[in-house]
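Notes for the structure review
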Amino acid sequence: MPGLIALLFGVSLVTGLITVPFVWYQANKRPELFRQESKFVADEIGLQYSSPFGSSKSRWTAFKRVRERGGFLFFDSGVGPNLFVPLRAFDDESGARLNGILRGAGFSPDGK
């Protein structure tokens, strides 16, 4: 039995699952931050992203690629963290409009 506990602990440590209770606890301490909506606006010049943590405005030239993976749209600058937006945030019309804007900015649908 101690071997099984050690194995489960090791697997949770290696996969990062051990952090889940701590992240959940911290998120529940500040619901006014973590349970608020974020705002995403894209146009021909670039995009604006606002959340309770801050806001940013970036031109399309700041991004190396834009790609869709695992239910999210990732805006990759090539350095540092990616900006990501869940695909469920877009209805059919706004998704099609965004795809047109991205093509106009030089991004292909396959993320290159």
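Everything here concerns the structure above.
In short, a report on the structure. (Residues numbered from 1 in each chain as written. Predicted model: local features only at pLDDT ≥ 70, side-chain atom pairs only at ≥ 80, totals over all residues. Heavy atoms only, no water.)

**Details of the sheet that holds strand β6 (residues 83-86)**
- The strand order across the open sheet formed by three strands is β4-β5-β6, and the pairing between neighbours is antiparallel. If you trace the sheet from one side to the other, it starts and ends with β4 (65-69) and β6, each paired once. Averaged over neighbouring strand pairs, the angle between their axes works out to 20° when direction is ignored.
- Here β4 runs beside strand β5 (residues 72-76); their pairing, made up of five bridges, is antiparallel. For V66, the partnering residue across the bridge sits in β5 and is F75. (Pairing = 2+ DSSP bridges. Helix = DSSP H or I, 4+ residues; strand = E, 2+ residues; numbered from the N terminus. Axes fitted to C-alpha atoms, helices over the stretch in contact; angles between N-to-C directions.)

**Some words on helix α1 (residues 2-15)**
- Spanning 14 residues, α1 covers 20 Å between terminal C-alpha atoms, matching the ideal 20 Å at 1.5 Å per step.
- Along α1, only one of the 14 residues are buried, which leaves the element largely exposed.
- Among the residues trailing α1, G16 stands out with phi positive, at a value near 90°. (Expected span 1.5 Å × (residues − 1). Buried < 20%, exposed > 50% of the residue type's maximum accessible area, 1.4 Å probe, protein only.)

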